[in-house]
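Each chain, letter by letter, is given below.
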Amino acid sequence: MIYCANPAAQFHSHQAEIEAAIRRVLSGNRYILGPEVEALEQEFAAYIGTSSAIGVANGTDAIELSLRALGLGRGDEVITVSHTAVATVAAIEAASATPVLVDVVPGYYTLDPSQLEEVLTTRTRAVIAVHLYGHPADLDVIGAFCSKHKLALVEDTSQAHGSRWRGKRLGSIGHIGCFSCYPTKNLGGIGDGGLVVTNDPQLATNVRMLREYGWRERYISEIPGRNSRLDELQAAILRVKLRHLDSDNAKRRNLAAHYDKLLQDLPLELPQTREGAEHVYHLYVVTSEDRASLVANLNKHNIFPGIHYPVPVHLQAAYAQRVTTALNMGVTEALAKEVLSLPLYPEFPNEDLFRVSKVIEDFFGQSKGRNAKQ
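Computed from a predicted model, the values in this text were never measured in an experiment.

(A) Representation of the side chain of Glu-212 in the model. Counting through the fold element by element, Glu-212 comes out in the loop between α8 (201-210) and β11 (215-217). On the accessibility criterion, Glu-212 (15% relative accessible area) is buried. Only 3.0 Å separates the side chain of Glu-212 from the side chain of Arg-229, close enough to count as a polar contact. With residues near it in sequence (within four places) discarded, Glu-212 still touches Leu-33, Arg-218, Arg-226 and Arg-229.

(B) Fine view of helix α7 (residues 139-148). Taken together, the buried positions of α7 are occupied by Leu-139, Ile-142, Gly-143, Phe-145 and Cys-146. Taken end-on, α7 shows its buried residues confined to a sector of 160°, consistent with a single buried face. Turned more than 90 degrees off the buried face of α7, the exposed positions are Ser-147 and Lys-148. Contacts from the buried residues of α7 go to α6 (116-119), β5 (124-130), β6 (152-156) and β7 (164-165). Positive backbone phi, at 55°, marks Lys-150, one or two positions downstream of α7.

(C) A look at the packing of aromatic side chains. One pass over the structure, following the stated rule, counts ten aromatic pairs. Pairing Phe-44 with Phe-179 gives two aromatic rings, centres 4.9 Å apart and planes at 90°, and the pair type is edge-to-face. Of this pair, Phe-44 sits in helix α3 (residues 35-48) while Phe-179 sits in strand β9 (residues 176-180), and the two are 135 residues apart along the sequence. For the pair formed by Phe-44 and Phe-179, the shared burial category is buried. Taken together, the ring pairs connect Phe-44, Tyr-47 and Phe-179 into an aromatic cluster. The positively charged end of Arg-169 is found above the aromatic ring belonging to Tyr-47, 4.0 Å away from the centroid.

(D) Molecular detail of the nonpolar core. Residues Leu-67, Val-78, Val-127, Ile-128 and Ile-142 are the most contacted members of the largest nonpolar core, which totals 64 residues. Among all residues touching Ile-128, those that are not within four sequence positions of it are Ile-63, Leu-67, Val-78, Ile-79, Thr-80, Thr-88, Ile-92, Leu-111, Val-154 and Asp-156. Counting residues in hydrophobic clusters, the runner-up holds 27 residues, among them Ala-256, Ile-303, Val-359 and Ile-360.

(E) Seen up close, unusual backbone geometry. Omega for the bond connecting His-308 with Tyr-309 falls within 30 degrees of zero, at 20°, which places this linkage in the cis form. Secondary-structure assignment places Tyr-309 in the loop between β14 (303-304) and β15 (324-325). Positive phi values are uncommon outside glycine, yet Tyr-133 reaches one of about 65°. Turning to its location among the elements, Tyr-133 is positioned in the loop between β5 and α7. Residue Arg-166 is not a glycine yet carries a positive backbone phi of 50°.

Scoring rules and cut-offs
- Residues numbered from 1 in each chain as written.
- Predicted model: local features only at pLDDT ≥ 70, side-chain atom pairs only at ≥ 80, totals over all residues.
- Heavy atoms only, no water.
- Helix = DSSP H or I, 4+ residues; strand = E, 2+ residues; numbered from the N terminus.
- Buried < 20%, exposed > 50% of the residue type's maximum accessible area, 1.4 Å probe, protein only.
- Polar contact = N/O pair within 3.5 Å; in protein donor to acceptor, adjacent residues only side chain to side chain.
- Contact = heavy atoms within 4.5 Å.
- Arc of directions from axis to C-beta.
- Phe/Tyr/Trp six-rings, centres within 6.5 Å; stacked < 30°, edge-to-face > 60°.
- Lys NZ or Arg CZ within 6 Å of the ring centre and 35° of its normal.
- Core = buried A, V, L, I, M, F, W, Y, C linked by side-chain atoms within 4.5 Å.

If you want it as C-alpha cells, here you go:
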C-alpha cells in the first residue's frame, strides 16, 4: 500500500531522539506549558526570525487566537481564500468575525490579489494569506494592499513550515503567523499542536493571555480567554523534529524534482514555483481533467493519493448560504474537480515514487491508445 502521507515513517527515522525526549518529559513534573514549551517557543522564534513564538493547542486555534489578539470580533470582515482547509474559515468564525472569500491564481493556487479591491469594505480588518501546499502566497502584492488600507496581514503557514519568500521565512513577514503541527505537516507532532509567531510584543502578550483564560497572573482573567495550551510531550517531540526540518524539506524538494522529471511529458499540470518563492512541498499537487479515472486506476494498484480539496469552502453545506465571495470563483471551482495530491513525504522510498509515476504513465498511455481507436 502506498499512501499520500505516512507520519509513522518520520517517527521511525527520528525514533531514538523522540523516545529520549518523551522519557525526559515523563520523568519530569511539568506536563502543560512547562520548560519544553518554553524551549520550543524560543527555538521556533529563532528559526522563523521573529521575536516571539507561542505554543497553542492546534493550527485552527493559532488563527483564531491571532485574530482575537489583533482585536477582531463581531462585525469585522477577514478576507481569505475558499481553496484552503476549512480550518482557515472555521477559525475566522470562531473569532466571531466574518469570512469573505476570494479566488486563487492558476498554477500557484494562492490568493488572487487582483480580487482584493473588489471585496474590500469599510468592515474589512484583515487578510489571511494561505501558503498552500508549501508554496508562498504573493506577499509583496498582498502586503502592499494591507498597508494601503491599514489592514492586518495574517499568514496561514500551516502547510509551509520552513518555506521562504524573498529570503525571509514565512510567518515572519505579516503582522502575525500561524502554524499547525498536525502529524502530517512538515513540522508535525504525534498528536495536535500549533504555533503563533510575531515581532509585535503586544500581540505576543495577547496570544499568551488568550490561550490560558486571559491570565497574565495565574487565576486572574483580565480578558476573556480560553484553554488552548500546548502540552509538554508535543513540544518535546516538535523540538526534535525542528532540528531536522530543513533537511526533511530538502528531501521533499528532491522527491518533487524526481516527480517533475518523470511526469513532465504527461497531460498533467505539475506544481509551479513563482519567482522569489521557496517551495517546501507539504503536498505534491497535480491537476488532471480525468482525475476520477486516474484515482481509480491508482487505487487498483494499491496507491492512495489525496484530494486537497474536493469541495471549495464556499460550496460546502455549512458555509454555502453564509459566506460572501468575489464574483468570479472559477479557478477554485475548477481546481476542486482536478487537484490530486501524489504520495510524498521525507521518508518516501524512491522505488515507491517510481512505481507511482509508472502507474500514472501507463494510465495515460492506455488512455491515449483508447482515444486513438475512437
